[in-house]
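Residue-level listing of the chains:
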Amino acid sequence: MYNQLILLRVSKSSHRVIYLIRLKGVCTQSSAPGTLITLLPSRLLVVAAASSSAPRRVRFACGIHDHRRGAERYAPARSLPEQELRYPTMGVELQGYDFPVGVVEDGYLSDSEAFASVINVINGVRMAPSLVPQSNKEQYDYLVTVVNPGKRIGQDDEALMATALKALSRAVFRLDAVYHGSLLNNIFMSSIWDYGLDARNALLELITTLATVPDKFLDNCLYTLLHNLRPPSRLKAPFNQSKRWLMRKEEVRREVYLALNCINTLVPLAPARLKILIEKCMPRFTEDKYVLMTYVEGILGLERNEIGKFLGSTVLARVVDLLIDLDVNIPWEDILQEEPNKGIFAIELGECNEDDEYTTIPNMDTLGLVKNTFADKLDGLMVVACEHLKSCSESGHLLEVFERLSEIFQRAMLKLHKSKFTQFLMFYACSLDPDTCGLKFAIMLTDIFISKDEDPDSRMKAIAYLASYLARAKFIPSSLVASILKRLVDWCFEYCQLQDSWVNKISPQADRVFYSGCQAVMYILCFRLRSICDVPQLKQLLFHLPVDSILHHPVLDPLKVCLPLIVQEFLRQAQTARLFKKPMAHSYDNSLESEFSKAFGGIQRLDMFFPFDPYLLKESDRFMRPNFEFWDMVKTTYSDYDSSEGEDSEGEDELKDLGPSNFPKDNDDEDDLDLKIDKMSITPNPSFLHQIATNFDQSSQMPARIRPSQSPPSPRHGFLYTKKEERLDDQKI
Amino acid sequence: MEGLKVAEADLVVYVHPSKSNQVRRAVLRQLSSLLFTHDEIFDGVVLAYEVNIPSKRAKVISGLIPYIGVKIKANLLLFSPKPSMLIGGKVVKLGKESIHVVVLGFSSAAIMLEDIREEFKYKIKHGEGVFASSSHKRHVIKAGSMIRFQVKSFDEEILHISGSLLPSNTGCIQWLSKHGTEDGSYADSSLKTSDIQREMQEEGTLNTTTGDKSPNKTQKHKSKKRTRGDR
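So, here's what we can say about the structure. (Residues numbered from 1 in each chain as written. Chains lettered and ligands numbered in written order. Predicted model: local features only at pLDDT ≥ 70, side-chain atom pairs only at ≥ 80, totals over all residues. Heavy atoms only, no water.)

To continue, consider the interface of chain B and chain A. With 22 residues of chain B in contact, the opposing surface of chain A contributes 18 residues. Both faces combined, the contact of chain B with chain A buries some 1,900 Å², and carbon together with sulfur accounts for 63% of it. It is Lys93, Glu97 and Ile158 of chain B in chain B that bury the most area against chain A; as a group they hold 25% of the surface buried on that side. Between glutamate 157 of chain B and arginine 273 of chain A there is a salt bridge; the shortest N-O distance is 3.9 Å. At the junction of chain B with chain A, the criterion picks out 2 residue pairs in polar contact (both at pLDDT 80 or more). Looking at the side of chain B that touches chain A, the elements that each hand over two or more residues are β6 (86-94), β7 (98-103), β8 (107-116) and β13 (160-165) of chain B. Considering every element that reaches the side of chain B that touches chain A, the biggest residue donor is β8 of chain B, with 4 residues. Class assignment of the residues belonging to the side of chain B that touches chain A gives a composition of 8 nonpolar, 9 polar and 5 charged. (Contact = heavy atoms within 4.5 Å. Buried area = accessible area lost by both parts, 1.4 Å probe. Salt bridge = Lys/Arg side-chain N within 4 Å of Asp/Glu carboxyl O. Polar contact = N/O pair within 3.5 Å; in protein donor to acceptor, adjacent residues only side chain to side chain. Helix = DSSP H or I, 4+ residues; strand = E, 2+ residues; numbered from the N terminus. Nonpolar A, V, L, I, M, F, W, Y, C, P; charged D, E, K, R; others polar.)

Below, the structure is given as structure tokens:
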């Protein structure tokens, strides 16, 4: 192992000088001695350098190397007394020491001389192009090609480039966009993915220094750094998953963050420019999945960095916008065409039991989404976004991110009707911290619904989100559900009180906010009634709410207007649990929707908007599933007597006095195809398949059959459904 | 520090009707959008504001959207650096070619080598670069120092200042406060030469007379004169 630095000179014609550095006690490379070299034809010298982690002290000796006789021959020309020198930055820095190389022996060049040469080249073209001498022009052109060769280069050329970049770092104030346009352009077009550590560091140092030049290059520098968060365009699958590239990705990203943080320190208002550039540089949803994932991963990482706190919600907002773009481009129509016999949400299959809860839940594969490139991209991006939330949670920053996400939710997601999966980001964030984030989200949605300042559509969407969230989130405790229900019921009750007595006609459109509130209460109770009843205090709270007076309101009559399937399931459970003091008189209808529900849902069909219905994306499903309540897992009030009679609980004891015979049984006959199909979450499921579905004996699986996030039906839907119905009818026959 | 001023402004803020139930919040939001941006009307960068809404009455502007014109009185703290003003900042990076400074925590400034007077030489001390005065041993500018410099130009868009350390009353604020006079000129700068310093350094005598241990300037004068005379 060497402990020396050998100074080599190649030839007078090229004046190439080589330092070979052997670090004290550490050899950076085993094959080639030390690191390298360089330079420019005009007596430029250069230096090799060690990695930043290398020891700061080296010992060196001097030698001459004849390039023409073979690169491997190192003939020590003059042995110098071993001295210690220090190099504080990348590349050997000899200034300020007693032993500058240039002084030691005539003909050898120091770093300072090398850098001075680059500055001379730059100064040589600082004039009108017509006045620039040819020699200066040639030198400048050579420098331009050295800085960014635009192709793969060898180690020698890379070292040459690194030295040129370091020299330029010292001359940034001499660079002018007018005279050095091509050079600057080459710098800003550089991709740091292509180079080794030295060249990367030199390039980033140059960019960082350029950013501090007053009123000149800040935007370009930030753009270059952001652009380098994208993978190189030549990188195609499956190479992008190789270990080498993944490591390179991490390195590059870390270095870019470091450079951005450094710029932020030097130019405190740089984040304001960066925000604008992040918006401009955001890739379109049509770009390659790997590009999208890498870039999004990169900018989300930026948010976790020091500079992230100055960027506000910009990064997250852009990512959510991208997710939404992908989301709305996934058409339900295609899915229906792919698998018309399975329906859109064949999620909650009847055969799914608790012992085998993860085996029968279909996902993207079974729903034809796998062929949809947008769904595939969205799936990948959801994984990246969820990983980001997870890492924020682990580092204790989840609350800040959640605040930003809530703001974005209100601005972007809540205004959007057709979003199918993006909203699950909120769901996942809440699941990471149910006590704070989970609670805040529920309260925020309730506040929006109750607020008179919001427009009716926003309020209806908020209540749809709230209902779906409280129903589906396993991590939300029953006590919170009960308190939210109390607020909703109180609001509905107040609404009923204010209702004009002289109006005696149902007007679903005018009272649509009220009906959506009532439907939400019933929907939540379909999922949660049993769990609330299991806690005596909550049960008492719930039973004291004026639910029946709202539902029995003589004029508004929500039971007529809300979705019949929800009403039916709710009444079934409510009567089992004796929620009502008097029996409900209601003509049960097993149809999915009614004229009234259509009317209050409006053209957007907000009556059928259930944002947190089962998640269909394959890869990202692992984040949602553990916290998601599937309908088949829900314990209903009537299911006590079918499946858990032996259990000894207070609630059951109370309900047992009704006797099993008074309640419907789930029809478990496997041969009954109709009921099997009925248990699937086929949407819509026309009532004529179940001619007997007019009483409680019908095994209704209501909430599961609601099609979530469904756009207004189109004639095409109608056609598909008709075909499906015909097929089912055939099977029946 | 120069460049800071307080301005009283009578303003009319147009509030969207949807914010008519939270006018004050809307006004504050509007004023916050002015922060850290240069405004030609105010001729400076708004750093802080204090708002007073004197009247509860406001004019509703006729038009497609009936904005509410709310009259307010605001005290604005403005930062308005002009050429040749002396301002202070913290050195965040120091290189052989330039000194990078942050002023008031938000505005970046750069002082290039040609704008640094020859008295300052770039050296590497204890592994980090510093600009040390050749006339005054203790006058050193390094990363983290608070320095006073002269404004050369100010870019209003990105709030970037070009500075200069050419005037003699510029440099490290800590040193200037101890050795400078009110007008910024040194009490004894003309008396010191690098030769004397070098000689004194060699002799190891330059350790107490010029530094902060001197109780008053008169003594310092005498000491230095004597030194020169001795020589």
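Here we come to the packing of helix α17 (residues 456-472) of chain A against helix α19 (residues 512-533) of chain A. All names here are of chain A. Contact pair α17 / α19: the axes reach a minimum separation of 8 Å and the direction vectors enclose 5 degrees. The angle between α17 and α19 falls in the class roughly parallel. Taken together, the residues of α19 that come into contact with α17 (itself represented by Pro456, Asp457, Arg459, Met460, Ile463, Ala467, Ser468, Leu470, Ala471 and Arg472) are Arg512, Val513, Ser516, Gly517, Ala520, Tyr523, Ile524, Phe527 and Arg528. Class assignment for the residues of the contact of α17 with α19 results in 11 nonpolar, 3 polar and 5 charged. (Axes fitted to C-alpha atoms, helices over the stretch in contact; angles between N-to-C directions. Parallel < 35°, antiparallel > 145°, perpendicular 65-115°, else oblique.)

Here we come to the pattern of salt bridges. All told, the structure shown has 26 salt bridges over all chains when counted by the stated rule. Across the pair arginine 200 of chain A and glutamate 255 of chain A runs a salt bridge whose closest N-O atoms are separated by 2.6 Å. You can see arginine 200 of chain A sitting in helix α6 (residues 197-211) and its partner glutamate 255 of chain A sitting in helix α8 (residues 243-266), a full 55 residues away along the chain. Looking at glutamate 255 of chain A, the relative accessible area reads 12%, which means it is buried. Where lysine 152 of chain B meets aspartate 115 of chain B, a salt bridge forms, and the shortest distance between an N and an O atom there is 3.0 Å. Remark: aspartate 115 of chain B occurs in strand β8 and lysine 152 of chain B occurs in strand β12 (residues 146-155); sequence separation between them is 37 residues. Overall, lysine 152 of chain B belongs to the partly exposed group, its relative accessible area being 40%. (Buried < 20%, exposed > 50% of the residue type's maximum accessible area, 1.4 Å probe, protein only.)

Moving on, we come to helix α3 (residues 134-147) of chain A. Residue and element names in this part refer to chain A. Over its 14 residues, α3 extends 20 Å from the first C-alpha to the last, a length consistent with the 20 Å expected when each residue adds 1.5 Å. Taken as a whole, α3 has its buried residues at Tyr140, Leu143, Val144, Val146 and Val147. Relative to the axis of α3, the buried residues are bounded by an arc of 160 degrees and lie together on one face. (Expected span 1.5 Å × (residues − 1). Arc of directions from axis to C-beta.)

On to the packing of aromatic side chains. All names here are of chain A. For the coordinates displayed, the defined rule picks out 33 aromatic pairs over all chains. Summarising the aromatic geometry, the rings of phenylalanine 188 and phenylalanine 217 are spaced 6.2 Å apart at their centres and angled 45 degrees between planes, so their arrangement reads as tilted. Placement of phenylalanine 188 in helix α5 (residues 181-188) and of phenylalanine 217 in the loop between α6 and α7 (218-227) is noted, with a sequence separation of 29 residues between them. Across this residue pair, the class does not change: phenylalanine 188 and phenylalanine 217 are buried. Here the basic side chain of arginine 230 rests over the ring of tyrosine 295, its NZ or CZ set 5.6 Å away from the ring centre. (Phe/Tyr/Trp six-rings, centres within 6.5 Å; stacked < 30°, edge-to-face > 60°. Lys NZ or Arg CZ within 6 Å of the ring centre and 35° of its normal.)

Right, let's talk about a nonpolar patch on the surface for a bit. Residue and element names in this part refer to chain B. Where nonpolar side chains cluster on the molecular surface, the patch consists of Val12, Tyr14, Ile61, Leu64, Ile65 and Tyr67 and spans about 590 Å² of accessible area. Along the chain, isoleucine 61 turns up in the loop between β4 (59-60) and β5 (68-79). Looking at isoleucine 61, the relative accessible area reads 31%, which means it is partly exposed. (Patch = residues over 30% accessible without salt bridge, like charges linked within 9 Å, V, L, I, M, F, W, Y side chains within 5 Å. Areas by Shrake-Rupley, 256 points an atom, 1.4 Å probe, with all protein chains shown as cover.)

In this section: the packing of helix α13 (residues 373-394) of chain A against helix α14 (residues 398-413) of chain A. Residues and elements named next belong to chain A. Contact geometry for α13 and α14: axes closest at 7 Å, N-to-C directions at 140 degrees. One way to sum up the angle between α13 and α14 is to call them oblique. Residues Leu389, Cys392 and Ser393 of α13 lie in contact with α14, whose contacting residues are Leu398, Val401 and Leu405. Partitioning the contact of α13 with α14 into residue classes produces 5 nonpolar, 1 polar and no charged.

In this structure, the second largest pocket encloses a volume near 1,000 Å³. Among the secondary structure elements, those contributing two or more residues to the lining of the second largest pocket are α14 and α16 (434-450) of chain A together with β1 (4-15) and α1 (23-32) of chain B. Top element by residues in the lining of the second largest pocket is α1 of chain B. It accounts for 4 residues. For the lining of the second largest pocket, the residue count by class is 6 nonpolar, 6 polar and 9 charged. (1 Å grid on protein atoms, 1.4 Å probe; cavity = no way out; pocket = protein on both sides within 12 Å on 5 of 7 lines; lining within 4 Å. Points joined across faces, edges and corners; volume = space filled by probe spheres on them.)

Residue and element names in this part refer to chain B. Phi at histidine 126 takes a positive value of approximately 50 degrees, unusual for a residue other than glycine. Take histidine 126: it is sitting in the loop between β9 (120-125) and β10 (128-133). Under the relative-accessibility criterion, histidine 126 is labelled exposed at 81%. Despite not being glycine, leucine 159 shows a phi value in the positive range, around 55 degrees.

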